[in-house]
Amino acid sequence: MSVRVRFAPSPTGHLHIGGARTALYNYLYAKAQGGTFVFRVEDTDLERSKKEYEVSQLEDLRWLGIDYDEGPEKPGEYGPYRQSERTHIYEEYAKKLVDDGLAYYDFCTDEELEAMKERAMKEGRPPHYEGKWRNSEYFEEAANKLAAGEKGAIRFKAPKKSYVVNDEVRGRVVFPENMVGDFVIIRSNGLPVYNFCCVIDDMLMKITYVIRGEEHLNNSVRQLMIYEALGGTPPAFAHVSLLINKDRQKLSKRDGVTSVTKYKEESYLPEALINYLCLLGWSHPDEKEIFAIDDIGLAFDAKRFAKSAAIYDLEKLKWVNGMHLRALPNDELKSKIEEFIAKDHFYFSQSDTWKDSAIELLKNQIEFFSDFQPRLDSDLLNGEVNRSEKLEDVLSWDTTKKIINFLKDKLAGIDDSFISKEKFQEIFKSLKTELELKGKPLFMGTRVCLTGQDHGPELGDLVPLIPLKIIKERINHLS
RNA sequence: GCUCCCAUCGUCUAGCCCGGUCUAGGACACCGCCUUUUCACGGCGGUAACAGGGGUUCAAAUCCCCUUGGGAGUACCA
């Protein structure tokens, strides 16, 4: 039997990073197994579902590089793939259950239901349905109400027996009998409820393996009941751990970092986000940290899912982003970086050679495209000097002065815009011999005087990129 | 309340299934140090964890039980 997996979000908001991660795992699993990845829209909640969210979720998935094989826009054998277009199917199956005596019409009001629940809680019992409609003696009354045009919900008669979920992540999970009471499968407005249509669809779409968030583990019981009632074979399950925030709460909109759209807007690299997400709850067999998802291939093994919830923390994501940024081809990196530099910036008035060198030099210090300009300003274009206290240990003020005077002298005669690399090497060598400096004082001294900072990229590469005007400014600042 | 899940450095995790090789490995972050100049997306080093208590065993991060802590579900939401 061929492997079929699915990702089935409800279009009630933008794609959530938790959702993106589940989608990714399904995608990777399908890829590793040579299976089919189905995208299904669970839009049975009319109030909250919006078409625009379906569109945006699809877009975000594509942006992340997660492609699916069957879905609303890629019809396959088992469509339609929007639950709102499948209501007749659910209805049919629900009626069959009613006919088989496995489900019944319920006409209880919200108030009655609420009262039932309260009573049960007070008495320490699980809040199960105990209305009259589950008894066969009321079936006739129900039929009459129905015939009279009254709207009733269809409730599934939960069998009183224990169920076992053989979860690929959690192992054998046993649920006691009496854990769930009769539950609604078709609302009084005629629309199905998640636990019901999910099973019908998974069955009809021939899903063999369900990878989803741990919040659904308990739902599995209800779903197993439906499979049983309908005579279907349940798929294998893998309930992956949840993503939580630093307060160990389920990640919510309030955390401000949850929608994929946001990362797109903030110019994160999709390959970085997806790489990071993959690592939250799954580990590469070779302990690789940086990879392209399409390179994982057979290394993707669902056995490597972690059981415990993972805190979603931006720090590592930033690092991953930096790694992917540096791996970009030069021309792509350049054009992306330029999008984040002010139009009237000094940068744009420079030669291509200068631009390329500046990018080559500074790309190792940035994690985001937007980090480049600030870096440029502070390292190359700022006349200020930052002479830190700890520098005193290796570099005396005396030495600094000597270097300053020497450099002033050497640079005075030059009025090009920049010092060439050769010229710089020449000055540096003479400084070394004439002032008899070496080691740290030599390098640190020169660095501080020319760059204004006590750390930074290779001097020989850095100095030729700094406008001479700025260098002179820095030296003046020091003397 | 009831049911279920989870528990290794600050964070993500390896190891747990098949006890000894673990004085617990890696990564991010943090803190040091390293460049007389072919690879700083670098190198070297440091701080830092098996929640607690019982058992089983010659031996437990690994197996069992309890406690504690966290999470999820308990909807005519998904």
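About the criteria used
- Residues numbered from 1 in each chain as written.
- Chains lettered and ligands numbered in written order.
- Predicted model: local features only at pLDDT ≥ 70, side-chain atom pairs only at ≥ 80, totals over all residues.
- Heavy atoms only, no water.
- Near = heavy atom within 4 Å.
- Polar contact = N/O pair within 3.5 Å; in protein donor to acceptor, adjacent residues only side chain to side chain.
- Helix = DSSP H or I, 4+ residues; strand = E, 2+ residues; numbered from the N terminus.
- Nonpolar A, V, L, I, M, F, W, Y, C, P; charged D, E, K, R; others polar.
- Buried < 20%, exposed > 50% of the residue type's maximum accessible area, 1.4 Å probe, protein only.
- Domains from an automatic or database assignment.
- Contact = heavy atoms within 4.5 Å.
- Buried area = accessible area lost by both parts, 1.4 Å probe.
- Axes fitted to C-alpha atoms, helices over the stretch in contact; angles between N-to-C directions.
- Parallel < 35°, antiparallel > 145°, perpendicular 65-115°, else oblique.
- Left-handed = near helix turned anticlockwise from the far one by under 90°.
- Expected span 1.5 Å × (residues − 1).
- Arc of directions from axis to C-beta.
- Salt bridge = Lys/Arg side-chain N within 4 Å of Asp/Glu carboxyl O.

So, on to the protein's contact with RNA strand B. If you check the shell around RNA strand B, you find 60 residues, and the closest are Thr44, Arg187, Gln249, Asn364 and Phe428. The sugar-phosphate share of atoms of RNA strand B within 4 Å of the protein amounts to 77%. At 2.8 Å, a backbone N or O of Ser188 approaches a base oxygen of RNA strand B. The element that contributes the greatest number of residues to the surface near RNA strand B is helix α10 (residues 314-326), accounting for five residues. The residue makeup of the surface near RNA strand B, split by class, is 23 nonpolar, 13 polar and 24 charged.

Relative to the assigned elements, Phe156 resides in strand β4 (residues 153-156). When the C-alpha atoms of Phe156 and Ile403 are compared, they prove to be 87 Å apart, with 247 residues separating the residues in sequence.

In this section: the environment of Glu473. Position of Glu473 among the secondary structure elements: in helix α18 (residues 468-478). Given the relative accessible area of 39%, Glu473 is considered partly exposed. Glu473 sits 23 residues away from Leu450 along the chain, and the two C-alpha atoms are 9.4 Å apart.

Glancing now at the domain arrangement of chain A. Partitioning chain A into structural domains gives domain 1 (1-72 + 241-327) and domain 2 (330-478). Taking only C-alpha atoms, the centre of domain 1 and the centre of domain 2 are 42 Å apart. The partner domain 2 presents eight residues to the nine residues of domain 1 that form the contact. Here domain 1 meets domain 2 over a buried area of about 850 Å², counting both sides, of which 63% is carbon and sulfur. Interface area lost by domain 1 to domain 2 is led by Ser267, Leu325 and Arg326, which between them contribute 66%.

Turning to the packing of helix α9 (residues 270-279) against α10, a few remarks are in order. Where α9 contacts α10, the two axes come as close as 8 Å, and the packing angle between them is 135°. Taken together, the axis directions place α9 and α10 in an arrangement best described as oblique. For the pair α9 and α10, the sense of crossing is right-handed. On α10, the residues that touch Glu271, Ala272, Leu273, Asn275 and Tyr276 of α9 are Lys316, Leu317, Val320, Asn321 and His324.

With 14 residues, helix α15 (residues 421-434) ought to run about 20 Å at 1.5 Å a step, and its terminal C-alpha atoms sit 20 Å apart, in line with that. By the burial criterion, the buried members of α15 are Phe424, Ile427, Phe428, Ser430 and Leu431. Buried residues in α15, looked at end-on, bunch into an arc of 170°, giving them a common side. Away from its buried face, by an angle of more than 90 degrees, α15 presents the exposed residues Glu422, Lys429 and Thr433. Buried residues in α15 make contact with α14 (397-412), α16 (439-451) and α17 (459-462). Positive phi appears at Glu436, one or two residues downstream of α15, with a value of about 55°.

Here we take up the pattern of salt bridges. Inspection of every chain in the model, using the stated rule, returns 35 salt bridges. The closest approach of N and O atoms between Arg4 and Glu70, which form a salt bridge, is 3.0 Å. Taken as a pair, Arg4 in strand β1 (residues 4-7) and Glu70 in the loop between α2 (51-64) and α3 (87-99) lie far apart in primary sequence, 66 residues in all. The buried category is assigned to Arg4, whose relative accessible area is 7%. In this structure Glu70 comes out as buried when scored by relative accessible area, which is 9%. Residue Arg48 pairs with Asp45 through a salt bridge whose shortest N-O separation is 3.0 Å. Taking the relative accessible area as the measure of exposure, Arg48 reaches 51% and is therefore exposed. For Asp45, a relative accessible area of 24% translates into the label partly exposed. Look at the salt bridges and you will find they share partners, linking Arg6, Arg40, Glu42, Arg86, Asp201 and Asp202 into a network.

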